[in-house]
Amino acid sequence: MSKPILFFDLETQPDFSRIDTFGLSPLTPFVETPADQLPQPGDFLAKSLDDMAATDLRPSTQWCEEVRKLEIAAGKKARKGALSVIDKLADIRTVYEREEADRIKLLSVTPEFCSIAAFGWAVEDDEPKSFVVGADGRDERDILDAFWSLAAKHTLSGYNIIGFDLPVIFARSAILRVKPSVKIDMVPWKGAVVDLYVARFPKGNFGGKGPGKLKELAALYGLVTQAEDVDGSHVYKLMQEKRFYEVSKYVESDVSLCQQMHQVFAGLFV
């Protein structure tokens, strides 16, 4: 007799408590130069282009705008090189924020670098439920214990769970020394795991050119997405701001999409 299906989804965030073990080069933090330490715009523009370019200032956006306006006000005397220096100074914060976002993404999607922020699940056609770390006093061990308790009794299904969710669960269980309840055979088509991503793209996602994200496919197949305005890139900030309810609704929305997708594909390849 086949086991009932457990649809599940994880949301992750960086495990900063272990970052010193990752071997990643640290990011140089952006520290804005205090306003009282910034030169007057006219004094800065009076410098040579080489001296302007060699500055170690980290100015505010407002200061950069004032300097740019003053240089442009010079009319024909406005120097292209000076405007380029000003643009680079204004872009320092943006460059750091982009590097920081890339680092957070790397830490969030690498099993050994991340921690579990939320776990959503539903059995067969039941309404999705969720646990969020920090909400109701729950921690990551509670989530792992809940998963392993459910995993022993169900066939597992989700979207890209072979490529991401299960490797995260394996890594975090090993790191936190949480004992698994069952050995999960992740070989597709053996019945223990039904990965809707692998089922849809058994040979890869057409070189990355086709729709591959869960919400992209949901729109194309007419599925109902309950958390339209949230995606995985928002989870870290939501967790930092303790907006646990929004995280729970997002992870439950993805579980609902997996339930709907399974129904749409039933009889075709699941």
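Report on the accompanying structure. What you see is a predicted model, and the numbers here were worked out from it, not measured in a lab. (Residues numbered from 1 in each chain as written. Predicted model: local features only at pLDDT ≥ 70, side-chain atom pairs only at ≥ 80, totals over all residues. Heavy atoms only, no water.)

**Some points on the overall build of the chain**
Each helix and strand counted, the chain has 10 helices and five strands in total. Its C-alpha atoms give the chain a radius of gyration of 25 Å, clearly above 18 Å, the size a compact globule of 270 residues would have. Counting only C-alpha atoms and orienting by the principal axes, one finds that the chain spans roughly 85 × 40 × 30 Å. Taken over 270 residues, the chain has a buried fraction of 44%. At a minimum sequence separation of 6, the contacts of the chain that also span at least 24 residues come to 74%. If you sum the accessible surface of the chain, you get close to 15,300 Å²; carbon and sulfur atoms cover 53% of it. Positive and negative charge centroids in the chain, built from 33 and 40 side chains respectively, lie 4 Å apart. (Helix = DSSP H or I, 4+ residues; strand = E, 2+ residues; numbered from the N terminus. Rg over C-alpha atoms; globule rule 2.2 N^0.38 Å. Buried < 20%, exposed > 50% of the residue type's maximum accessible area, 1.4 Å probe, protein only. Contact = heavy atoms within 4.5 Å. Areas by Shrake-Rupley, 256 points an atom, 1.4 Å probe, with all protein chains shown as cover. Lys, Arg positive; Asp, Glu negative; His and termini not counted. Charge placed at Lys NZ, Arg CZ, Asp CG, Glu CD.)

**Quick look at the packing of aromatic side chains**
Counting across every chain of the model gives 12 aromatic pairs. For the pair tyrosine 159 and tyrosine 197, a centre-to-centre distance of 5.4 Å together with 85° between the ring planes defines the contact as edge-to-face. A residue pair is termed long-range when its members are at least 10 positions apart, and tyrosine 159 in the loop between strand S4 (155-158) and helix H6 (161-175) and tyrosine 197 in helix H7 (residues 196-200) qualify at 38 residues. Residue classification places tyrosine 159 among the buried residues on the basis of a relative accessible area of 11%. (Phe/Tyr/Trp six-rings, centres within 6.5 Å; stacked < 30°, edge-to-face > 60°.)

**With respect to the layout of surface pockets**
Here the largest pocket is characterised by a volume of approximately 1,100 Å³. Elements supplying a minimum of two residues to the lining of the largest pocket: strand S1 (5-14), helix H4 (80-109), H6, helix H8 (214-220), helix H9 (235-240) and helix H10 (244-265). Counting residues per element, the lining of the largest pocket draws most heavily on H4, which supplies eight residues. In the lining of the largest pocket, the residues fall into 11 nonpolar, seven polar and 11 charged. (1 Å grid on protein atoms, 1.4 Å probe; cavity = no way out; pocket = protein on both sides within 12 Å on 5 of 7 lines; lining within 4 Å. Points joined across faces, edges and corners; volume = space filled by probe spheres on them. Nonpolar A, V, L, I, M, F, W, Y, C, P; charged D, E, K, R; others polar.)

**Some remarks on the side chain of glutamine 260**
With respect to the helices and strands, glutamine 260 occurs in helix H10. Among the residues examined, glutamine 260 registers a relative accessible area of 17% and is labelled buried. In this structure the side chain of glutamine 260 is engaged in a polar contact, spanning 2.9 Å, whose partner is the backbone nitrogen of valine 224. Once residues lying within four places of it in the same chain are set aside, the contact partners of glutamine 260 are Leu223 and Val224. (Polar contact = N/O pair within 3.5 Å; in protein donor to acceptor, adjacent residues only side chain to side chain.)

**Quick word on the environment of alanine 266**
With respect to the secondary-structure elements, alanine 266 resides in the segment after H10. For the pair formed by alanine 266 and arginine 172, sequence separation is 94 residues and the distance between their alpha carbons is 32 Å.

**Observations regarding the packing of helix H5 (residues 140-151) against H6**
Relative orientation of the contacting elements H5 and H6 amounts to 120°, with a least axis distance of 11 Å. Classified by the angle between their axes, H5 and H6 sit oblique to one another. Two packed elements cross with a definite hand, and for H5 against H6 that hand is left-handed. Contacts from Glu140, Leu144, Phe147 and Trp148 of H5 reach H6 at Leu166, Ile169, Phe170, Arg172 and Ser173. Its residues assigned to classes, the contact of H5 with H6 shows six nonpolar, one polar and two charged. (Axes fitted to C-alpha atoms, helices over the stretch in contact; angles between N-to-C directions. Parallel < 35°, antiparallel > 145°, perpendicular 65-115°, else oblique. Left-handed = near helix turned anticlockwise from the far one by under 90°.)

**Here's the deal with the side chain of glutamine 13**
Structurally, the position occupied by glutamine 13 is in strand S1. Dropping the residues within four chain positions of it, glutamine 13 is found in contact with Leu107, Ser108, Cys114, Ser115, Ile116, Ala117, Tyr236 and Met239.

**Let's talk about H4**
Taking 1.5 Å of rise per residue, 30 residues should cover 44 Å, and H4 covers 42 Å from first to last C-alpha, within 8% of that figure. The sharpest bend along H4 reaches about 40° and sits at aspartate 91. Along H4, the residues that are buried comprise Ala82, Leu83, Val85, Ile86, Leu89, Tyr96, Arg103, Ile104, Leu107 and Ser108. (Expected span 1.5 Å × (residues − 1). Bend = angle between axes of the 7 residues up to and from the residue.)

**A word on the environment of serine 181**
Looking at where serine 181 falls in the secondary structure, it is placed in the loop between H6 and strand S5 (193-195). According to the relative accessible area criterion, serine 181 is partly exposed, its value standing at 41%. It is 10 Å that separates the C-alpha atoms of serine 181 and leucine 144, two residues lying 37 residues apart in sequence. Excluding residues that lie within four positions of it along the chain, serine 181 makes contacts with Trp148, Ser149 and Ala152. At 2.4 Å, the side chain of serine 181 forms a polar contact with the backbone oxygen of tryptophan 148.

These figures come from the coordinates and say nothing about function on their own.
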